[in-house]
Amino acid sequence: MSEVSKGSRAAQGMGTPDGANASDDDGSSGPRDAGTPPGPGGAGGKSGSAGSSGSAGAFPGRLPGEPPGGAKAVAVWGIGVAVYFVAVTYRTSLGVAGIDAADRFGINASALSTFSILQLLVYAGMQIPVGLLVDRWGTKRILTLGVVLFTLGQFGFAFSDSYAMALGCRALLGCGDAMTFIGVLRLGARWFPARRGPVVSQIAALIGMAGNLVTTLVLARVLHQFGWTPTFAGSAAGGVLILLLVLFFLKDHPPGHEPPPVPKSARGGRRYVARQIADTWREPGSRIGMWVHFTTQFPGMVFLLLWGLPFLVEAQGLSREAAGMLLTLVVLVNMCVGLVFGQVISRRHTARFPLVFGTVGVTAALWGTAVYWPGQTPLWVLVVLCLPLGACGPASMVGFDFSRPANPPERQGTASGIVNMGGFTASMTTLLLIGVLLDLTGDNFRIAFSCVFVIQAFGVSQILRLRRRTLRREHERRTASRVEAVHVPA
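Conventions we followed
- Residues numbered from 1 in each chain as written.
- Predicted model: local features only at pLDDT ≥ 70, side-chain atom pairs only at ≥ 80, totals over all residues.
- Heavy atoms only, no water.
- Salt bridge = Lys/Arg side-chain N within 4 Å of Asp/Glu carboxyl O.
- Helix = DSSP H or I, 4+ residues; strand = E, 2+ residues; numbered from the N terminus.
- Buried < 20%, exposed > 50% of the residue type's maximum accessible area, 1.4 Å probe, protein only.
- Core = buried A, V, L, I, M, F, W, Y, C linked by side-chain atoms within 4.5 Å.
- Contact = heavy atoms within 4.5 Å.
- pLDDT = per-residue confidence, 0-100.
- Expected span 1.5 Å × (residues − 1).
- Phe/Tyr/Trp six-rings, centres within 6.5 Å; stacked < 30°, edge-to-face > 60°.
- Lys NZ or Arg CZ within 6 Å of the ring centre and 35° of its normal.
- Axes fitted to C-alpha atoms, helices over the stretch in contact; angles between N-to-C directions.
- Parallel < 35°, antiparallel > 145°, perpendicular 65-115°, else oblique.
- Left-handed = near helix turned anticlockwise from the far one by under 90°.

Comments concerning the pattern of salt bridges
Thinking step 1. All told, the structure shown has eight salt bridges when counted by the stated rule.
Thinking step 2. A salt bridge links Asp135 to Arg186, with the shortest nitrogen-to-oxygen separation between them at 3.2 Å. Taken together, the residues span a long stretch of sequence, with Asp135 in helix α4 (residues 109-137) and Arg186 in helix α7 (residues 180-191) at a distance of 51 residues. The pair formed by Asp135 and Arg186 is uniform in burial state, with each residue classed as buried.
Thinking step 3. Of the charged contacts, one joins Arg473 and Glu283 as a salt bridge, the two residues approaching to 3.2 Å between their closest N and O atoms. Placement of Arg473 in helix α18 (residues 451-483) and of Glu283 in the loop between α11 (270-282) and α12 (284-315) is noted, with a sequence separation of 190 residues between them.
Thinking step 4. Within this structure, Glu283, Arg473 and Glu476 form a network of salt bridges that share partners.

A short note on the nonpolar core
Thinking step 1. Grouped together as the largest cluster of nonpolar side chains are 128 residues, with contacts concentrated most on Phe115, Trp307 and Phe449.
Thinking step 2. Per-element accounting of this core gives the leading share, 16 residues, to α12.
Thinking step 3. If near-sequence neighbours (up to four positions away) are discounted, Phe115 is found in contact with Leu94, Phe105, Ile107, Phe157, Tyr163, Ala166, Leu167 and Arg170.

As for the confidence of the model for the protein chain
Thinking step 1. Chain-level statistics for the protein chain give a pLDDT mean of 81 and a share of 81% at 70 or above.
Thinking step 2. Segment residues 1-61 is flagged for pLDDT under 50; beyond a separation of four residues in sequence, or across chains, it makes 197 contacts in the model.
Thinking step 3. Predicted confidence for residues 485-490 stays below pLDDT 50, and this span has 15 contacts to residues more than four positions away or in other chains.

Some words on α7
Thinking step 1. In a regular helix each residue adds 1.5 Å, so 12 residues correspond to 16 Å; α7 covers 17 Å between its end C-alpha atoms and thus fits that length.
Thinking step 2. Counting buried positions along α7 yields 12 of 12 residues, so the element is predominantly enclosed.
Thinking step 3. Looking only at α7, the buried set comprises Thr180, Phe181, Ile182, Gly183, Val184, Leu185, Arg186, Leu187, Gly188, Ala189, Arg190 and Trp191.

Focus on the packing of aromatic side chains
Thinking step 1. This model, assessed by the stated rule, comprises 26 aromatic pairs.
Thinking step 2. Judged by centre distance (6.3 Å) and plane angle (20°), the rings of Tyr372 and Phe453 are stacked. Placement of the pair is Tyr372 in helix α14 (residues 352-372) and Phe453 in helix α18, with a sequence separation of 81 residues.
Thinking step 3. Three or more aromatic residues joined by ring pairs form one cluster here, namely Phe105, Phe115, Phe157, Tyr163, Trp228 and Phe232.
Thinking step 4. Across the ring face of Phe157, the terminal group of Arg170 is positioned such that the distance to the ring centre comes to 4.8 Å.
Thinking step 5. Arg467 extends its terminal NZ or CZ atom over the ring of Phe353, reaching a point 4.8 Å from the ring centre.

Points about the packing of α4 against helix α5 (residues 139-158)
Thinking step 1. As a packed pair, α4 and α5 sit with axes 10 Å apart at the nearest point and diverge in direction by 160°. Judged by the angle between their axes, α4 and α5 are roughly antiparallel. As for how α4 packs across α5, the hand of that crossing is right-handed. Where α4 approaches α5, its residues Phe115, Val130, Leu133, Val134 and Trp137 are matched on the opposing element by Thr139, Arg141, Ile142 and Phe157.

Here you go:
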């Protein structure tokens, strides 16, 4: 018997076939990453029919027409990840300078939180526009613009002598930062085979967290030793170096794997944008991906970005050095857990919901234990709290494992933008609520940190609301891709 695959995208009506060789219990779509174009073999390639590739949920080998990966792919993708690394370093630099910023600009907790809120507001608000631009213009142009903007923002922040000027610089930084991660996700989808999608995404996030590590280990010490302006101006030099690498060495895709030309409808503007967003949002995988990102990311982000250091120093009486070590522990756990989550999901998509709900539940339990402990919280409890906070970032990446197979290649940037908007919207909201509650309650961290549970509960309710619909849609895609394999006599 020989296997002949029919045209898959027309049959599905929504994108590339997902999981022709998988049989996940949760109906997930498995191996086909919609970020790469389907090969001539269709859903299953030439290697057999549905279910023939081994255990349920396992990824098949590289499908025909997929990017080959390899050393060159790693090198090019590494440049994009380096951009994200520098962006995260700049983004989180205020986390170790919050107390210094309050003294420098003479501001209270609410005004201090406005720095991060404005930065995240710009970041979240730009996710869908950036996704649309990445889909239309390609990764190199967007990353180049992003590097220019966040480098100018960091350099301007170094010389800011007023609160208003500093706010403007953080907004500029957030604008450039918003262009990085979506571009890196698309770069990975263009250069690596589909089965590598979850691992490639987690490694990108892991290296980005290494930028947070640089902030907590290096930038904090440099700030203490050399002061505000030399620290922030010196760190801006990294952006200049990365800009040169992007300009001279970054490529959007490997030779022979050019994306399809932009349709004429895309040049019309509004109608194309509206259809692109509507088609992406219509997919339950896009929406549940956003809510997964919303629910899982923000506790760790809020702790690292701004309120972790004041909580540990002012509420728990730790020294800055000890608090910095705990923040470093969060980053290290994030990096370790990211590798584990990526490997688990790449082998079995049924693990997505257990990983998400498990992370949310453990984070809530230990957050409540640390915040409501009678008297001063013991150091060992704070150390244990850092473990689930470190898992928040990797758990949020699972959101992309819902949206990626639900959308075809031409919508990957838009889908990533919708998902990525979720966590940063939750972080922005929580940062603002904590700052306001601290001012209203006289720096009562127990009351202020309680808002985390409200945001988590809301996010979990949305995930549960969309869960069955998402699984049903994934099952339909999987069934359609199996039907497409028609057996004829040899």
